[in-house]
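Listed below are the residues making up each chain.
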Amino acid sequence: MNELEQLREAMRATEWTGRASIDVAAVMRTGRRLRRRRRLAATGVAALALAVAVGVPVGLRSGGPDPSRRAVPAASAPVERPTPTPTPDLAATRAEPAPRPIGTVVRSGIRYGADERVFYLVPVDVPDLPQVTIGLVAGRRTATGELVSDYLVNDVSGRDRRPGFHEIGYDEPGPSRPAAPTFGYFVGPAEQIIGTVDGREIVARQARWSEDAQVVIFWFDPKALPPGVRLDGIIARDAHGRRL
Amino acid sequence: MARGDAEFVEFARAASRRLVHAAYLMTGDHHQAEDAAQTALARTYASWSRIREGDAYGYARSVLVNHLVDRWRRPIREYPTEDLPEQRADDVADAVATRRWLLAILGALSPRERAIVVLRYYFDLSEAQVARELGVSVGTVKSTSSRALEKLRSSGSPAREVHGTCR
């Protein structure tokens, strides 16, 4: 018997004789909860506060909620639930115009009629977080060239140039505007960003920020990852395929 | 019970033993293996209406392996257990030696390498299938398999291991 056959045989020979003590009823209860959470996410109930909070210009136009009650997402890898936190001045300043993009506006190629989905960084000012100075906007470029912000995410702790993944934007489908694809940024030499959902891997599209090449803006094609479906995990790989 | 649910119960009962054993090969811990299989099956059930007509077992296997690669970062070792492996060898000593030998081989690999070995040689998937399930290149699968086999050669056979232990 050669080594390969030995390995195969050993893997089979060590199988357990007893019944696997899997509680199928418990599995189904957990599965139903998981399914319910996904449906909630899809209908926008779970992240309603989140979407309103960071959809800044939409909120301004419609007379959004009290800024003090707004929240920003706290979802980075591994993915977690949003938590209420202080908001950037951007979200709280009704009278001020939307901030100008810093650097190049990244085109995604995703179109909604005449509008195109774009991503850009804007200055933010978060109380007690002097090292958080930028936020990432998922916006739209209209046919007239105007920029419309749909969804802003920014860090709610630490510093915005910390290596690794930062806040991830999970938008929700709604009646007033097209939902932004799941998006975010990574700091480091990422050549490929891969999200996982239910064991399925989805490669993100990405672009480097014109002002700092270490900042990699990424987004997931909404056909591959519908807005609102939360990732189970996300990783980045360098040019050699090594995990960062 | 709805028809889909009845189908899932049947599927879970049929698939759980192999899923648990695959997880055990990747973790060396039977309890963790059961937890991982339970998680994979729960996610499979959550997507049951979408996958029941397709390759549900492949889906559960892929969820399990990727879950373990992502989450299981502890080094593998043999955990004490009262259960005994299936008696295909002549006696219990042989079976215990085989298990130790196997876990020593797998323990020398990274979580992703272990996943490749388990998918390739336990589930008997092709290199292309393994690459697809783990999102790595076929070259990575080939090189990892080859590394694992080298470790296997240098470790000797389970039988030699038993003799060595007895001396």
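Quick summary incoming for the structure in this document. Given the structure is predicted, the values throughout are model-derived calculations rather than measurements.

### Describing the interface of chain B and chain A
- Facing the 56 residues of chain B at the interface are 34 residues of chain A.
- Between chain B and chain A, a total of about 4,200 Å² is buried, with carbon and sulfur atoms accounting for 59% of that surface.
- Here chain B is connected to chain A by 3 salt bridges.
- For the salt bridge of Asp124 of chain B with Arg8 of chain A, the shortest nitrogen-to-oxygen distance reads 2.9 Å.
- The tally of links between chain B and chain A comes to 7 residue pairs in polar contact (both at pLDDT 80 or more).
- For the side of chain B that touches chain A, the secondary structure elements donating two or more residues are helix H1 (3-27), helix H2 (30-46), helix H4 (56-71), helix H5 (92-107), helix H6 (111-122) and helix H8 (138-155) of chain B.
- Among the elements that make up the side of chain B that touches chain A, the one with the highest residue count is H1 of chain B (12 residues).
- In the side of chain B that touches chain A, the residues fall into 26 nonpolar, 12 polar and 18 charged.

### A short note on the packing of H1 of chain B against H6 of chain B
Residues and elements named next belong to chain B.
- Closest axis-to-axis distance for the H1/H6 pair is 9 Å, and the angle between their directions is 140 degrees. One element, H1, and the other, H6, form an angle in the oblique class. Along this stretch, H1 crosses H6, giving a crossing that reads as right-handed. Across from Arg18, His21, Ala22, Leu25 and Met26 in H1, the residues of H6 making contact are Pro111, Arg114, Ala115, Val118 and Tyr122.

### Digging into the pairing of strand E5 (residues 164-169) of chain A
Residue and element names in this part refer to chain A.
- Counting buried positions over the 6 residues of E5 gives 6, a clear majority of the element.
- Where E5 lies against strand E6 (residues 183-187), 4 bridges are found, and the strand directions are antiparallel. Each bridged residue has a counterpart across the sheet, and for Gly164 the counterpart in E6 is Val187.

### Description of the sheet that holds strand E3 (residues 134-141) of chain A
Residues and elements named next belong to chain A.
- In spatial order, the strands read E1-E2-E3-E4; together these 4 strands make up an open sheet with antiparallel pairing. The sheet is open, and its two borders are formed by strand E1 (102-112) and strand E4 (147-154), each paired with just one other strand. Strand-to-strand twist of the sheet, defined as the mean angle between neighbouring strand axes without regard to direction, takes the value 25 degrees.

### Focus on helix H7 (residues 127-134) of chain B
- Those residues of H7 of chain B not exposed but buried are Val130, Ala131, Glu133 and Leu134 of chain B. Buried residues of H7 of chain B, seen end-on, are gathered within an arc of 165 degrees and therefore sit on one face of the element.

### Description of the environment of Glu133 of chain B
Residue and element names in this part refer to chain B.
- Take Glu133: it is sitting in helix H7.
- A relative accessible area of 13% places Glu133 in the buried class.
- Separated by 75 residues in sequence, Glu133 and Gly58 place their C-alpha atoms 8.9 Å apart.
- The residues touching Glu133, leaving out its near neighbours within four places in the chain, are Gly58, Arg61, Ser62, Asn66, Leu119 and Leu125.

### Topic: the sheet that holds strand E11 (residues 233-237) of chain A
Residues and elements named next belong to chain A.
- Here we have 3 strands laid out as an open sheet, ordered E8-E7-E11, and antiparallel in their pairing. Either end of the sheet is taken by a strand with one partner, and the two such strands are strand E8 (200-203) and E11. Mean inter-strand twist for the sheet, computed between neighbouring axes without regard to direction, equals 25 degrees.
- Alignment of strand E7 (residues 192-197) against E8, held across 4 bridges, turns out to be antiparallel. Opposite Thr196, over in E8, you have Glu201 as the bridge partner.

### Topic: unusual backbone geometry
All names here are of chain B.
- Phi at Asp124 is positive, roughly 60 degrees, even though this residue is not glycine.
- Here Asp124 shows up in the loop between H6 and H7.
- Residue classification places Asp124 among the partly exposed residues on the basis of a relative accessible area of 41%.

### Regarding H1 of chain B
Residue and element names in this part refer to chain B.
- With 25 residues, H1 extends 34 Å from end C-alpha to end C-alpha; this agrees with the ideal 36 Å at 1.5 Å per step.
- Along H1, the helix axis deviates most sharply at Ala15, where the bend reaches about 45 degrees.
- Two residues or fewer after H1 comes Gly28, characterised by a positive phi angle close to 75 degrees.

### Quick word on the packing of aromatic side chains
- Inspection of the entire model under this criterion finds 12 aromatic pairs over all chains.
- Aromatic pair Phe8 of chain B and Tyr45 of chain B: ring centres 4.8 Å apart, planes at 50 degrees, arrangement tilted. Here Phe8 of chain B is found in helix H1, whereas its partner Tyr45 of chain B is found in helix H2, with 37 residues between them in sequence. Exposure class is identical for Phe8 of chain B and Tyr45 of chain B. Each is buried.
- Among the aromatic residues, ring-to-ring pairing joins Phe119, Tyr151, Phe183 and Trp219 of chain A into one connected group.
- Between Arg18 of chain B and the ring centre of Tyr122 of chain B, over which it is positioned, the NZ or CZ distance is 4.4 Å.
- Its guanidinium or amino end placed over the ring of Phe123 of chain B, Arg61 of chain B lies 5.6 Å from that ring's centre, counting from NZ or CZ.

Rules behind the numbers
- Residues numbered from 1 in each chain as written.
- Chains lettered and ligands numbered in written order.
- Predicted model: local features only at pLDDT ≥ 70, side-chain atom pairs only at ≥ 80, totals over all residues.
- Heavy atoms only, no water.
- Contact = heavy atoms within 4.5 Å.
- Buried area = accessible area lost by both parts, 1.4 Å probe.
- Salt bridge = Lys/Arg side-chain N within 4 Å of Asp/Glu carboxyl O.
- Polar contact = N/O pair within 3.5 Å; in protein donor to acceptor, adjacent residues only side chain to side chain.
- Helix = DSSP H or I, 4+ residues; strand = E, 2+ residues; numbered from the N terminus.
- Nonpolar A, V, L, I, M, F, W, Y, C, P; charged D, E, K, R; others polar.
- Axes fitted to C-alpha atoms, helices over the stretch in contact; angles between N-to-C directions.
- Parallel < 35°, antiparallel > 145°, perpendicular 65-115°, else oblique.
- Left-handed = near helix turned anticlockwise from the far one by under 90°.
- Buried < 20%, exposed > 50% of the residue type's maximum accessible area, 1.4 Å probe, protein only.
- Pairing = 2+ DSSP bridges.
- Arc of directions from axis to C-beta.
- Expected span 1.5 Å × (residues − 1).
- Bend = angle between axes of the 7 residues up to and from the residue.
- Phe/Tyr/Trp six-rings, centres within 6.5 Å; stacked < 30°, edge-to-face > 60°.
- Lys NZ or Arg CZ within 6 Å of the ring centre and 35° of its normal.

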